[in-house]
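Listed below, chain by chain, are the residues.
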Amino acid sequence: MNTVTLTKCLCFLSAGIMLCGLQAPIQAVDRKSEIDFEKHVQPILRQHCFRCHGESHEKGGFRLSRKEAAFGTGDSEEALIIPGNAAESLLITRVQDADAGDLMPLDGEPLAEKEIQILKTWINQGANWPDSAAVATHWAYEPIVRPDIPEAEDQSWVKTPVDAFVLTQIQESGFEPAPELDRARWLRRVSLALIGLPPT
Ligand code: HEC
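Residues numbered from 1 in each chain as written. Predicted model: local features only at pLDDT ≥ 70, side-chain atom pairs only at ≥ 80, totals over all residues. Heavy atoms only, no water.

**Here's the deal with the overall build of the protein chain**
Piece 1. Assigned secondary structure in the protein chain consists of 8 helices and 0 strands.
Piece 2. Walking the protein chain from its N terminus toward its C terminus, one meets helices and strands in the order α-α-α-α-α-α-α-α.
Piece 3. With 200 residues in all, the protein chain has 25% of them scored as buried.
Piece 4. Taking the intrachain contacts of the protein chain between residues at least 6 apart in sequence as the baseline, contacts between residues at least 24 apart amount to 43%.
Piece 5. Counting only carbon and sulfur atoms, one obtains 57% of the accessible surface of the protein chain, whose full area is about 13,800 Å². (Helix = DSSP H or I, 4+ residues; strand = E, 2+ residues; numbered from the N terminus. Buried < 20%, exposed > 50% of the residue type's maximum accessible area, 1.4 Å probe, protein only. Contact = heavy atoms within 4.5 Å. Areas by Shrake-Rupley, 256 points an atom, 1.4 Å probe, with all protein chains shown as cover.)

In structure tokens, the structure reads:
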């Protein structure tokens, strides 16, 4: 397999992974329709809560990324989810009742009415959380997505998309890239960096 074919295969593969990673949009639900944990509830938690109550952070003493933890309690020792009783579930209180404490998510816009409704209906319907539901929360398990390439100011400096990220980062930190070196100095630096010795 030559390099071009290999590159093409990799592109198709990553496009495939990206497509698989697309999540179903959060849909409006009426009270009667059955809420599906993985389709409706988990995307809301993933988008709005996991950055503080997920695999990497356990603010307030609980995670919403794991079933046992989510059905337990946090620092206040009040039940987060009481199946069949959304009104008494702390998870609901804290997203809709500002008198109960700082509204969650702590760092952003409050949840949309539609999203709160989904969480409530799910809990009132018995909070069915299938054991098979993937945790898929640690960054290592997130689907691979191709990031947008930043618009670098100096396009002549950018030879590959990676350079655009590097240049933007350098400039955002208030620096300019060092000028390009002549070949001899370049080789000296590369050699020192790679093997710790000057070139012969
Ligand atoms: C930016 C970080 C952050 C985000 C995002 C966030 N939280 Fe919190 N959450 C906290 C912190 C910090 C606490 C502990 C302090 C407090 O209770 O206000 C907390 C506490 C809580 C508690 C109270 C736990 C207890 O037993 O006292 C609940 C319930 C809660 N969060 C639910 C949520 C839900 C649901 C979401 C998503 C919709 C969410 N949080 C998003 C930071 C966050």
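**Brief notes about the site of the ligand**
Piece 1. Around the ligand, 22 residues are found, and the nearest of them are Cys49, Cys52, His53, Ser76 and Met104.
Piece 2. Contacts to the ligand include histidine 53, whose side-chain N or O atom sits 2.8 Å from a nitrogen atom.
Piece 3. When each cavity is represented as a set of grid points, the ligand is found to reside in the largest pocket.
Piece 4. At the level of elements, helix H3 (50–53) and helix H5 (90–96) are the ones that each hand at least two residues to the shell around the ligand.
Piece 5. With 4 residues, the single largest contributor to the shell around the ligand is H5.
Piece 6. Broken down by class, the residue content of the shell around the ligand amounts to 12 nonpolar, 5 polar and 5 charged. (Near = heavy atom within 4 Å. Polar contact = N/O pair within 3.5 Å; in protein donor to acceptor, adjacent residues only side chain to side chain. 1 Å grid on protein atoms, 1.4 Å probe; cavity = no way out; pocket = protein on both sides within 12 Å on 5 of 7 lines; lining within 4 Å. Sits in = over half its atoms within 2 Å of the grid points. Nonpolar A, V, L, I, M, F, W, Y, C, P; charged D, E, K, R; others polar.)

**Comments concerning the confidence of the model for the protein chain**
Piece 1. In this model, the protein chain carries an average pLDDT of 84, and 79% of its residues clear a pLDDT of 70 or more.
Piece 2. Every residue in residues 1–27 is under pLDDT 50, and counting partners more than four places away or in other chains gives 18 contacts. (pLDDT = per-residue confidence, 0-100.)

**Here we look at unusual backbone geometry**
Piece 1. Note that the residue after methionine 104, namely proline 105, is joined by a cis bond; omega there is -5°.
Piece 2. By secondary structure assignment, the location of proline 105 is in the loop between H5 and helix H6 (113–124).
Piece 3. A positive phi angle, close to 60°, is found at glutamate 77, a residue other than glycine.
Piece 4. When you line up the elements, glutamate 77 lands in the loop between helix H4 (67–70) and H5.
Piece 5. Not every positive phi belongs to a glycine, and alanine 127 is a case in point at roughly 50°.
Piece 6. In this structure alanine 127 comes out as buried when scored by relative accessible area, which is 5%.

**What about the pattern of salt bridges?**
Piece 1. Following the criterion strictly, the structure yields 6 salt bridges and no others.
Piece 2. In this structure, arginine 63 and glutamate 58 form a salt bridge, with 3.4 Å as the shortest nitrogen-oxygen distance.
Piece 3. Assessed through its relative accessible area of 22%, arginine 63 is described here as partly exposed. (Salt bridge = Lys/Arg side-chain N within 4 Å of Asp/Glu carboxyl O.)

**Some words on the coordination of the iron atom of the ligand**
Piece 1. Looking at the iron atom of the ligand, the protein donor atoms are His53 (NE2) and Met104 (SD), and they sit 2.0 to 2.3 Å from it.
Piece 2. Taken together, the 6 donor atoms coordinating the iron atom of the ligand and their angles of 85 to 180° define a geometry best described as octahedral. On the criterion of sequence distance, the pair formed by histidine 53 in helix H3 and methionine 104 in the loop between H5 and H6 is long-range, its members being 51 residues apart.
Piece 3. Since its relative accessible area comes to 10%, histidine 53 is described here as buried. (Donors = N, O, S within 2.8 Å, 3.2 Å for Na, K, Ca; no water. Tetrahedral: all angles 85-135°; square planar, octahedral: opposite > 155°, others 65-115°.)

**Details of the nonpolar core**
Piece 1. Of all hydrophobic cores here, the largest spans 26 residues; its most connected members are Val41, Leu45, Leu64, Ile81, Leu119 and Trp122.
Piece 2. Mapped by element, the contributors of at least two residues to this core are helix H2 (37–48), H5 and H6.
Piece 3. Broken down by element, this core gets its largest block of residues, 5 residues, from H6. (Core = buried A, V, L, I, M, F, W, Y, C linked by side-chain atoms within 4.5 Å.)

**A short note on helix H8 (residues 183–195)**
Piece 1. With 13 residues, H8 ought to run about 18 Å at 1.5 Å a step, and its terminal C-alpha atoms sit 18 Å apart, in line with that.
Piece 2. Counting buried positions over the 13 residues of H8 gives 1, only a small fraction of the element.
Piece 3. Immediately beyond the C-terminal end of H8, within one or two residues, lies glycine 196, with a positive phi of roughly 80°. (Expected span 1.5 Å × (residues − 1).)

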